[in-house]
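Residue-level structure breakdown
Here is what each chain is made of, one letter per residue.
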Amino acid sequence: MSNTTDNTELTAAQKSRQGVIYGLAAYLCWGFFPVYFKSVKIVPPLEMVSHRVVWSLAFLLLLITWKGAWPGTIAVLKRPKSLAILFVTTILIATNWLVFIYAISVGEVLQSSLGYFINPLVNVLLGFLFLRERLERPQWISLALAATGVLYLAIQYGSVPWISLLLALSFGLYGLIRKVLHVEPLVGLTVETLLLMPFALFYLVQLNQKGTGIFLTHGLTLDVLIPMSGIITAIPLLLFAAAGKKLRLATIGFLQYITPTMHFLLAITIFGETFTHTHLISFLFIWAGLVLYSLHAYRSVRG
């Protein structure tokens, strides 16, 4: 009896370690995204999203073939309920891509970092609302501190930081739905890109007919970088989906500090974005919430 328990605990520990490795790899990849998208900022956001869909699908179909995952993919395509849910996740991830690329193109990497700093706490709230994950007082205080930071920024600038909020909410909901949907990460992402493909391809064809498309018209460097969007899009999403199957939503939220920290440092050191007194106060509230949440999570794990 004890041997069975030990084996079960070992298996759970191994799954947790794998999940952490997958999560770290995903968030490190996403942390460098502003560098890539700055290099292709001449491409309008909607056109870039369309290319991400097309080239991601090409890469994913190769993976599906290599791994022999066509039966599972076809099975999902034949399930109306799964397709309906994946259509929702498709809208969420496409929204996230579009808003993020827009933020990079207009020099708002700080706003994107703010959005992804908020995202871990959004995950905590979503876990409470939809997965019945119990929140204790420190977690409620963490959420209140983050909300105060966002509200202060909105009041000082006279406008809601919609880029930050859309990034946090769209990706938080995407992670939540993909966590509870019983579809393999590779299959799920392939179906999502398949659902987006007709719209993306139609838009790119329209641009080509009008002669306004960027691809194959602005030099070899862009012609190489644009197709690379498929690989850099698919790999971290697959890693993220795999991590989500092995970790609690709150643990995923903890790992997400990596991406916004990298975006924040890139914004103020490499991209030269202005970090104002208002930004500082807003970020301090959010960072305080994250620190409190992290300390509480650490103490809970330590028992």
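Residues numbered from 1 in each chain as written. Predicted model: local features only at pLDDT ≥ 70, side-chain atom pairs only at ≥ 80, totals over all residues. Heavy atoms only, no water.

**Focus: unusual backbone geometry**
Worth spelling out the cut-off: Secondary structure elements are defined from DSSP: runs of H or I of at least 4 residues count as helices, runs of E of at least 2 residues count as strands, and each element is numbered from the N terminus. When a residue's accessible area, from a 1.4 Å probe over protein chains only, is under 20% of the maximum for its type it is buried; when over 50% it is exposed; and in between it is partly exposed.
A positive phi angle, near 70°, is found at Leu216, a position not held by glycine. Residue position: Leu216 is located in the loop between helix 9 (185-210) and helix 10 (220-246). Of the residues examined, Leu216 reaches a relative accessible area of 61% and is grouped as exposed.

**Description of empty space enclosed by the protein**
The following threshold applies: Buriedness for pockets is judged along seven lines, at least five of which must meet protein on both sides within 12 Å for an open set on the 1 Å grid over protein atoms alone, while cavities are sets there where a 1.4 Å probe fits but cannot get out, and lining residues have an atom within 4 Å of a point. Grid points are joined across faces, edges and corners, and a volume is the space filled by probe spheres set on the points. Residues are grouped as follows: Ala, Val, Leu, Ile, Met, Phe, Trp, Tyr, Cys and Pro are nonpolar; Asp, Glu, Lys and Arg are charged; every other residue, Gly included, is polar.
One pass over the structure, following the stated rule, counts three cavities of 30 Å³ or more. Volume-wise, the largest cavity comes out at about 200 Å³. Along the wall of the largest cavity there are 17 residues; nearest its centre are Trp30, Phe33, Asn96, Tyr116 and Phe171. Elements with a minimum of two residues in the lining of the largest cavity: helix 1 (2-31), helix 5 (80-105), helix 6 (109-130), helix 10 and helix 12 (258-270). Examining the composition of the lining of the largest cavity, we find that four residues originate from one element, helix 5, more than from any other. Each residue belonging to the lining of the largest cavity can be placed in one class, and the counts come to 10 nonpolar, six polar and one charged.

**Section: the pattern of salt bridges**
Basically, it comes down to this: Salt bridge criterion: a side-chain nitrogen from Lys or Arg within 4 Å of a carboxyl oxygen from Asp or Glu.
According to the stated counting rule, one finds one salt bridge in the structure shown. Notably, a salt bridge pairs Glu192 with Arg178, separated by 3.2 Å at the nearest N-O pair. Of this pair, Glu192 sits in helix 9 while Arg178 sits in helix 8 (residues 162-180), and the two are 14 residues apart along the sequence. With relative accessibility at 1%, the residue Glu192 sits in the buried group.

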